[in-house]
Amino acid sequence: MRGGIPLYGELCVQGSKNAALPILAASLLHRGISVIHNCPRILDVENTVQILQEAGCLVKWQGSSLMIFAENIQNTRISSKYGTQMRSSVIFLGSLLGRKGNAILPLPGGCTIGKRPIDLHLDSLKRMGARIEEEKEVLYADTEKMKGAKISLRFPSVGATENIILAAVLAKGTTWIQNAAREPEIMELCRFLKEKGAKIKGEGTSVIVIEGVRQLRDSEFFLMSDRIVAGTYLMAAMSAGGEISLKRAPVSQMTAQLQVLEAMGAQMKMEKNKICLKAPKKICRLVSVATHPYPGFPTDLQSQLLAVLCKARGRSKIVETIFEGRYQIVPELRKMGAKIKIVAQEAWIEGVEELTGTTVRACELRGGAALIVAGLGASGVTTIENACFIQRGYEDIGRDLRNLGAAIETS
Ligand code: UD1
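Since the model is a prediction, treat every value here as computed from it, not as a measurement. Just so you know, the residues in each chain are numbered from 1, in the order the chain's sequence is written. Local features in a predicted model are, by the rule used here, given only for residues with pLDDT of at least 70; side-chain atom pairs are given and counted only at 80 or more, and totals for whole chains, interfaces and linings are based on all residues. Water and hydrogen atoms play no part in the side-chain values, which are based on all heavy atoms of the structure.

## Observations concerning the packing of aromatic side chains
Aromatic rings in a pair are described by how distant their centres are and how their planes are angled relative to each other. Centre distance within 6.5 Å is the pairing criterion for rings of Phe, Tyr and Trp, where only the six-membered ring of Trp is used; planes under 30 degrees apart are then read as stacked, over 60 as edge-to-face, and the remainder as tilted. What the rule picks out here adds up to one aromatic pair. Between the aromatic rings of phenylalanine 192 and phenylalanine 221, the centroid separation amounts to 5.4 Å while the plane-to-plane angle is 85 degrees, which identifies the pairing as edge-to-face. On the criterion of sequence distance, the pair formed by phenylalanine 192 in helix H7 (residues 184-195) and phenylalanine 221 in strand E12 (residues 219-222) is long-range, its members being 29 residues apart. Side by side, phenylalanine 192 and phenylalanine 221 carry an identical accessibility label, which is buried. A ring has a charge above it when a Lys NZ or an Arg CZ is no more than 6 Å from the ring centre and no more than 35 degrees off the ring normal. Taking NZ or CZ as reference, arginine 41 lies 4.0 Å from the ring centre of tryptophan 61, over its face. Going along the chain from the N terminus, every DSSP run of H or I of four or more residues is numbered as a helix, and every run of E of two or more is numbered as a strand. With a 1.4 Å probe rolled over the protein chains alone, any residue whose accessible area is under 20% of its type maximum counts as buried; one over 50% counts as exposed, and the rest are partly exposed.

Shown next, in the form of structure tokens:
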């Protein structure tokens, strides 16, 4: 990729990865048809489709619409071939226990951004009547019947909240989740399940109540857009300069990121589902930004922000409070001339006049996208090795950025 070319033009934001994955797992709860429109064609979705097919679902793509027919689920074991590819495979625990009363899963894989334990998932499902044992990196779970429980989460974990919801939809009785995650992706999962006849209240707040039902019904669903992909493209424009518009942007879910962009000097115009951003000549520094659960600034955009701040005027600080391994990108940015000091979970960034293109290496999804953001604003050529990680969450980032005028090639 050759940097230093300002971006101009308009893009349409793809469907949300972090909403699609639990919704695909949820489709397994219903002995019938689920149609999901606007489903992103990304590696994590393809992998989840493989898991559904392994279980016995019939799955068919038609453009960006996915049809899942889950009448017969014969297999409740997820092979390590697909289960270890991404951490979110763990949400099949809730849906398989809910539908079939048993599940065998390899310990989940995914981005190497921290320790990422699953204790909250397992403890909660046990409270709902599951027996779960771990042997040689494999989880064995079964139950006579999942039953409602009162669960209070120590931390509002997105994945654990989703797993509990999935296990509770067909359970006997009512489940209360206290300190539930409030992310828009949780609300989207609940919207999907409610359209199928599930009884859920309180999604989007920290107390969610799910009353078990006997069965679900066929449905057709239009998936919301990806707020992290939208944010990545806005950061790309900040780094490269220029003026871009995003269509189908989930504006109302992006308040924290839009505030940060504004504080960095972006001029923005928002309409219902559209954002127009004009990058400033020089990025303003940010005194301090911390990542937090929604509605705070998302950890999934922290690396892209870090890449932009490398060229800000003066010193900025980022505090990562969710995943301790998010700073793996720092040595790569330093190769490009960035001045960053890490002290525990804080990154101190001393803005430099220019970043210089070189060969860097992606080690996970969002960090990989952040290297593209950095490369777009750097002088000369940047080559990103291991860029395949980026395809886990972006349909075709090269195509999208080329449409905005970037000189970027993907192999
Ligand atoms: C999801 C998103 C991910 C996002 C993250 C935080 C998907 C597929 N992934 O990940 O992109 O960065 O939310 O918004 O939707 N924790 C525990 N025990 C547990 C579970 C989590 O201690 O059982 C801790 C984690 O180590 C982490 C924090 O809770 O420090 C947040 O994790 P969680 O909200 O569960 O993130 P994920 O669901 O893995």
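Moving on, there is more to tell.
## Re the sheet that holds strand E13 (residues 242-247)
Ordered by their spatial adjacency, four strands build an open sheet running E1-E13-E15-E14, and the pairing between neighbours is mixed. Here the strands that pair on one side only, and so sit at the sheet edges, are strand E1 (7-12) and strand E14 (267-271). The mean angle between the axes of side-by-side strands here comes to 10 degrees, regardless of whether they run parallel or antiparallel. With six bridges connecting them, E1 and E13 associate as parallel partners. Looking across to E13, one finds that leucine 7 is bridged to glycine 242. Strands were regarded as paired on the criterion that DSSP finds at least two bridges between them. Here, axes are lines fitted to C-alpha atoms. For helices the fit covers the stretch in contact, and angles between N-to-C directions go from 0 to 180 degrees.

## Notes on the packing of helix H1 (residues 17-27) against helix H2 (residues 43-55)
Relative to each other, H1 and H2 sit at 5 degrees, their axes nearing to 10 Å. When the interaxial angle is binned, H1 and H2 end up roughly parallel. Packed against H1, whose contacting residues are Lys17, Ala20, Leu21, Leu24 and Ser27, the element H2 presents Asp44, Val45, Thr48, Val49 and Leu52 at the interface. Ten residue types, Ala, Val, Leu, Ile, Met, Phe, Trp, Tyr, Cys and Pro, are classed as nonpolar, four, Asp, Glu, Lys and Arg, as charged, and the remainder, Gly among them, as polar. Grouping the constituent residues of the contact of H1 with H2 by class yields six nonpolar, two polar and two charged. Oblique is the label for any angle not under 35 degrees, not over 145, and not in the 65 to 115 range, which are roughly parallel, roughly antiparallel and roughly perpendicular in turn. Contact criterion: two residues are considered in contact whenever any of their non-hydrogen atoms come within 4.5 Å of each other.

No statement about biological role is implied by the geometric values presented.
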